[in-house]
Amino acid sequence: EDAVLYLALGDIHYGNIESTEPGPFLDAFDRLLTRPAQAAFYRSTPIAYVWDDHDYGPNDADATSPGREAVADVYRSVVPSAALVDDVAIFQAFTIGRVRFVLTDTRSQRTDDTMLGDEQLRWLLDELTTASRTHALVVWANAVPWVGPARPGGDGWAGYADERARIAEAIDDAGIENLVMVSGDAHMVGIDDGTNTDYAGEPGDGFPLLHAAALDRPGNVKGGPYSEGAFPGGGQYGVLDIVDPAATDPGSGAPVTVTMSGRTWDGRTLVTATFQLPSD
């Protein structure tokens, strides 16, 4: 794909590590980074990576994971990242061109009552609001499924419906119209055109969403519905193609065009959709 950036949204390995020592986490990264194909990929393509459960700790891990501090230290020693503002959490943001990438940590701050924790939630709402006004496009990289009916105890945002509604209402209140989301965890590619992504109390416009997975893992579907469908399976990945005419011609006034695609390793396109978003 000759990508400008590879977004790895968790489960980069399946170590399911519960150790309180850094050694097992370092060993997992050593195994990952010495596999010839992956090593070649990471040498040739910039990466922005946040963990999910299987690479942060055991399955469905949260803030009680025994290796929480160890994996946080290992992340900071192994993984290139934008500036981190917390000693453990790895939420971060950076800019490429006129596009702001906002990456959230949906594991290390998670409790029964919150997905993100108070500090990260405040940071996210401020980042989305400010970036939407200072950048042509905001890409929220969110590691777990966003769409789905409220389900207390659920592992994705469906299990944190009140917090999800608060974020959706903040997006609506701020008039944010230049936001797209990329999500992982579900072993599928899928696209929603915004029909199913708005969880504010008052009906409003949602934002486009791309589910991008599962690379080499077996397929499954989580959440939904998705307006353009969901396609489970291994050997799949997502592509976010962003065209910003004003980046080279500031006077053009043309909107940003975002094309989302779900593809397979052998060259097939499973689903695609194109959106035009206002850049001012």
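Residues numbered from 1 in each chain as written. Predicted model: local features only at pLDDT ≥ 70, side-chain atom pairs only at ≥ 80, totals over all residues. Heavy atoms only, no water.

1. Quick notes on unusual backbone geometry
To be explicit about the condition: Helix and strand definitions here come from DSSP, where helices need a minimum of 4 consecutive H or I residues and strands a minimum of 2 consecutive E residues; each element is numbered from the N-terminal end.
A cis geometry characterises the amide bond from Ala 213 onward to Ala 214, with omega recorded as 20°. With respect to the helices and strands, Ala 214 occurs in the loop between β8 (209-212) and β9 (230-232). Backbone torsion omega between Gly 224 and Pro 225 reads 10°, so that peptide bond is classified as cis. Residues other than glycine seldom take positive phi values, yet Asp 2 does so here, at roughly 55°. Tracing the backbone shows Asp 2 in the segment before β1 (6-9).

2. Considerations on the environment of Gln 236
Quick note on the threshold: Here, residues are in contact when the closest pair of their heavy atoms is within 4.5 Å. Under this definition, polar contacts are N or O atom pairs within 3.5 Å; protein pairs additionally need one hydrogen-donor-capable and one acceptor-capable atom, and for neighbouring residues in sequence, both atoms have to be side-chain atoms.
Positionally, Gln 236 belongs in strand β10 (residues 236-243). For the pair Gln 236 and Ala 214, spaced 22 residues apart in the sequence, the C-alpha separation amounts to 5.5 Å. Beyond its immediate sequence surroundings of up to four residues, Gln 236 is in contact with Met 188, Val 189, Ala 213, Ala 214, Leu 215, Phe 231, Arg 263, Thr 264 and Leu 270. Here the side chain of Gln 236 touches Phe 231 through a polar contact of 2.8 Å, landing on its backbone oxygen.

3. Details of the sheet that holds strand β11 (residues 256-264)
Applicable threshold: If DSSP finds at least two bridges between two strands, the strands pair. For helices, the fitted axis covers only the stretch in contact; all axes are lines through C-alpha atoms, and the angles between them, taken along N-to-C directions, range from 0 to 180 degrees.
Spatially, the three strands line up as an open sheet ordered β10-β11-β12, and their pairing is antiparallel. Of all strands in the sheet, those with a lone pairing partner are β10 and β12 (269-277), marking the two edges. Looking at each pair of strands side by side, their axes are set apart by 15° on average, direction ignored. Examined bridge by bridge, β11 and β12 share eight bridges and lie antiparallel to one another. Within the sheet, the bridge partner assigned to Gly 262 lies in β12 and is Val 271.

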